[in-house]
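What follows is the residue order along each chain.
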Amino acid sequence: MTLVVEEHPIQTQTTAATPVSSVNALAPWHIRACAWAVDVLPAVAVATTMALVSFTVPARGPWWWVCVSLLGLAILALLVNRLLLPVLLGASLGRALCGIGVVRRDGAAIGAWGLLLRDLAHLLDTVSVVGWLWPLGDSQRRTFADMLLHTEVRRAELSVAAPKVRQWVAAAVLTATVLCLGGALVSYAVVYSRDRATDQTRDQIAIQGPKIVAQMLTYDPKSLQDDFARARSLATDRYRSRLKEQQDIVGKGNPVINEYWVTDSSIQAASPDSATMLLFMQGRRGVAPEERYITATVRVNFVKAGDAWRVNDLTVLTKPKQPGNEK
């Protein structure tokens, strides 16, 4: 009798499912947008702020040079981040933070010049606007720049630890924020202080200007040289020589009493260190019985010399004439 043993070789095995790695997968649009914002917005914010501040501060002054220098550094930092860091670290700060990188379609790395051409090609995306949204409907999630340069944005593993990347990004954003706030404060302080100084100029010239001009144009033959010396002391070096020529002509003639007073005035322009004023004047010339009353209109430019105001130029718009005389 033969015993037959029935064997059952079939065994059930449970194989654990192996997760599919997300590395090299195409990056979603919102991740790319986040990376772009981190890469571009801080530098653009600093550059824009400094450009605007440079228009509010005195040209070629210390603050102007600071603004121009920071603007240049912001642009340089943007270029280094977008073009050189991908070559050194595999991605820019924004892309490293989001775990993505730019590669060619075959997976090969793209160099700095290729990245530069790609960023320049993004101008087409910007002009059309649609180019930035094209990855939402494209199967390969490409912008127009990606199509032209044959590139893709994929998930990537970087050689730099994520905590360190986050620290760098935080430092960059914090620095940009401080610079923007500092620029705004400098602009406000400069503009506010300049406006305040200009208001002080208007207040001072409104009071001192008419008195200075009246003293400069008034003289008496009995104290002619003292009056002329006082008038020259009220003028700047630039105007003093011309004033002396006019005084010499008067002194060589037959000088008579010449007295002026201001009846009305108007400030045409003002800055912290200068002002232009229009003055309507009346006066008298000579003594009775040949005394006559006269009127004149002059435009005077004042400049600040230390704490005092001086006449830098005086132009007679309406020559002295008797009231009612239109000749």
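What you see is a predicted model, and the numbers here were worked out from it, not measured in a lab.

A separate point is the state of the cysteines. In the structure shown here, the tally under the stated rule is 0 disulfides. Cysteine Cys 34 shares no disulfide, and the gap to the nearest cysteine sulfur, in Cys 98, comes to 3.7 Å. For Cys 34, a relative accessible area of 37% puts it in the partly exposed group.

A cluster of nonpolar side chains, Leu 73, Leu 76, Val 80, Leu 84, Val 87 and Leu 88, forms an exposed patch at the surface whose accessible area comes to about 560 Å². Relative to the helices and strands, Leu 88 is located in helix 2 (residues 62-89).

What follows is about unusual backbone geometry. At Arg 60, a residue that is not glycine, the phi angle is positive and equals roughly 65 degrees. Relative to the elements of secondary structure, Arg 60 occurs in the loop between helix 1 (29-56) and helix 2. The exposure class assigned to Arg 60 is exposed, which follows from its relative accessible area of 58%. The backbone of Arg 141 shows a phi angle near 55 degrees, a positive value even though the residue is not glycine. Relative to the helices and strands, Arg 141 is located in the loop between helix 5 (130-133) and helix 6 (144-149).

Here we take up helix 2. Helix geometry: helix 2 is bent most strongly at Asn 81, by close to 35 degrees. When we look at burial in helix 2, the residues that qualify are Trp 64, Cys 67, Ala 74, Asn 81, Arg 82, Leu 83, Leu 85 and Pro 86. Among the structural elements, helix 1, helix 3 (93-98) and helix 4 (112-128) are those in contact with the buried residues of helix 2. Gly 90, located one to two residues past helix 2, shows a positive phi value of around 105 degrees.

In this structure, Val 213, Met 216, Val 300, Phe 302, Val 311 and Leu 314 are the most contacted members of the largest nonpolar core, which totals 22 residues. Of all the secondary-structure elements, those providing two or more residues to this core are helix 7 (162-217), helix 9 (237-252), strand 4 (274-285), strand 5 (292-305) and strand 6 (308-321). Broken down by element, the residue count for this core peaks at 5 residues, all from strand 5. Setting aside anything within four residues of it in sequence, one finds Phe 302 in contact with Ile 205, Gly 209, Ile 212, Val 213, Asp 273, Ser 274, Ala 275, Met 277, Trp 309, Arg 310, Val 311 and Asn 312. By size, the runner-up hydrophobic cluster in this structure holds 12 residues, among which are Ala 47, Val 57, Cys 67 and Val 190.

As a further point, take the packing of aromatic side chains. This structure, assessed with the given rule, holds 5 aromatic pairs. A centroid spacing of 5.4 Å and a plane angle of 50 degrees characterise the contact between Trp 134 and Phe 144, whose relative ring orientation is tilted. Linking Trp 134 in the loop between helix 5 and helix 6 with Phe 144 in helix 6, this pair joins segments that are 10 residues apart in sequence. Residue class for Trp 134 comes out partly exposed when judged on its relative accessible area of 38%. Given a relative accessible area of 18%, Phe 144 falls into the buried group.

Calculation rules
- Residues numbered from 1 in each chain as written.
- Predicted model: local features only at pLDDT ≥ 70, side-chain atom pairs only at ≥ 80, totals over all residues.
- Heavy atoms only, no water.
- Disulfide = S-S within 2.5 Å.
- Buried < 20%, exposed > 50% of the residue type's maximum accessible area, 1.4 Å probe, protein only.
- Patch = residues over 30% accessible without salt bridge, like charges linked within 9 Å, V, L, I, M, F, W, Y side chains within 5 Å.
- Areas by Shrake-Rupley, 256 points an atom, 1.4 Å probe, with all protein chains shown as cover.
- Salt bridge = Lys/Arg side-chain N within 4 Å of Asp/Glu carboxyl O.
- Helix = DSSP H or I, 4+ residues; strand = E, 2+ residues; numbered from the N terminus.
- Bend = angle between axes of the 7 residues up to and from the residue.
- Contact = heavy atoms within 4.5 Å.
- Core = buried A, V, L, I, M, F, W, Y, C linked by side-chain atoms within 4.5 Å.
- Phe/Tyr/Trp six-rings, centres within 6.5 Å; stacked < 30°, edge-to-face > 60°.

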